[in-house]
Amino acid sequence: MTRPMLPAALLLLAACSGGEDKSLPDDTAATAPSQETERAAPAATTVDADLPDASEEAPAKPEPPTIADGKTIPAAIRGRWALKPADCAATKGTDLTALTVDATDLRFYESHGELARVRISDAGRIDADYKFSGEGVTWDRRMQLDLADGGKTLVRRDQGEGAAAGPMRYTRCA
């Protein structure tokens, strides 16, 4: 009784060994080419479905240029502004109420403020701390800059010691 079980046990061991047995017929040789293609097709289709079609380009997701990054003054606020519209046409040095805003600086007639810390920021507003210098003096100032009138007006509010009493409204210079 042990003899008939021995060949069956050997076959089970051979099947589990993972090795290639040359004595058994090869199933793939008996498979017709069309059947082999059909077996491979589902795997290829699944892989292709996950990949974008090279002929179709995915639309780019551009970031609006006015989104604030929390490290710079929002792009929509940048530019040249003046309390008196006539100062927009004045030459540099005579534009007493002009304010020039770039990514990290505020430039007034006789002073300059460097962005130190952004507290709140979005596309049309920034509330931040600045380190100012001018006429041999340095000071810190917190300012809030808000766009109004569809971006034609900049409202400035100062906070802290030496701050202006109320909001100042600047007109955008062309």
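Starting afresh in each chain, residues are numbered from 1 along the sequence in its written order. Local features in this predicted model are restricted to residues whose pLDDT is 70 or higher, and side-chain atom pairs enter the listing and the counts only when it is 80 or higher, whereas totals over whole chains, interfaces and linings include all residues. Side-chain measures here rest on the full set of heavy atoms in the structure, leaving out hydrogens and waters.

## Side note on the pairing of strand E6 (residues 137–148)
- In terms of strand pairing, strand E5 (residues 125–134) meets E6 through 10 bridges, oriented antiparallel. Bridge pairing links Tyr 130 to Arg 141 in E6.
- At least two DSSP bridges between two strands are needed for those strands to be called paired. Only DSSP runs of H or I with at least four residues qualify as helices, and only runs of E with at least two residues qualify as strands; both kinds are numbered from the N terminus onward. Between the antiparallel neighbours E6 and strand E7 (residues 153–159) lie four residues, among them Asp 149 with a positive phi of about 55°.

## A short note on unusual backbone geometry
- With phi around 50°, Glu 135 is a residue other than glycine that occupies positive phi space.
- Relative to the assigned elements, Glu 135 resides in the loop between E5 and E6.
- Take Glu 135: its relative accessible area is 62%, and that puts it in the exposed class.
- We note that Asp 149 has phi near 55°; this positive angle belongs to a residue other than glycine. Think of it in three bands: with a 1.4 Å probe and only protein chains considered, a residue is buried below 20% of the maximum accessible area for its type, exposed above 50%, and partly exposed in between.

## Description of the packing of aromatic side chains
- Under the pairing criterion, centres of Phe, Tyr and Trp rings, with the six-membered ring standing for Trp, must be within 6.5 Å; the plane angle then separates stacked pairs below 30 degrees from edge-to-face pairs above 60, leaving the rest tilted. Counting across every chain of the model gives three aromatic pairs.
- Here the aromatic rings of Phe 108 and Phe 132 are separated by 6.0 Å at their centres, their planes lie at 40°, and the arrangement is tilted. Separated by 24 residues along the polypeptide, Phe 108 in the loop between strand E3 (105–107) and strand E4 (112–122) and Phe 132 in strand E5 bring together distant segments of the chain.
- Classification of Phe 108 as buried rests on a relative accessible area of 18%.
- Grouped by ring-pair contacts, the aromatic residues Phe 108, Tyr 130, Phe 132 and Trp 139 constitute a single cluster.

## A few points about the state of the cysteines
- To count as a disulfide, a pair of cysteine sulfur atoms needs to be within 2.5 Å. Following the criterion strictly, the structure yields one disulfide and no others.
- Two residues share a disulfide in this structure: Cys 88 and Cys 173, whose sulfurs sit 2.0 Å from each other. Around the S-S axis, the bridge from Cys 88 to Cys 173 shows a dihedral of about -75° and counts as left-handed. Taken together, the positions of Cys 88 in the loop between strand E1 (79–82) and strand E2 (98–101) and Cys 173 in the segment after strand E8 (168–172) put the pair 85 residues apart, joining distant regions of the chain.
- Residue classification places Cys 88 among the partly exposed residues on the basis of a relative accessible area of 21%.
- On the accessibility criterion, Cys 173 (9% relative accessible area) is buried.

## Details of the side chain of Gln 144
- Among the structural elements, Gln 144 can be located in strand E6.
- Here a polar contact is taken to be a pair of N or O atoms separated by no more than 3.5 Å, where protein atoms must pair a possible hydrogen donor with a possible acceptor and residues adjacent in sequence count only if both atoms sit in side chains. There is a polar contact of 2.6 Å between the side chain of Gln 144 and the side chain of Asp 146.
- The contact rule is simple, with two residues in contact once any of their heavy atoms fall within 4.5 Å. Non-local contacts of Gln 144, meaning those with residues more than four positions away in its chain, are made with Arg 125, Ile 126, Asp 127, Val 155, Arg 156, Arg 157 and Gln 159.

## A closer look at the sheet that holds E6
- Strand order in the closed barrel formed by eight strands is E1-E2-E3-E4-E5-E6-E7-E8, with antiparallel pairing between adjacent strands. Adjacent strand axes in the sheet meet at a mean angle of 35°, parallel and antiparallel pairs treated alike.
- Both E1 and E2 contribute to a ladder of four bridges, which runs antiparallel. By the bridge assignment for E2, Ala 82 is matched with Ala 98. Throughout, an axis means a line fitted to C-alpha atoms (over the contacting stretch in the case of helices), and angles, computed between N-to-C directions, take values from 0 to 180 degrees.

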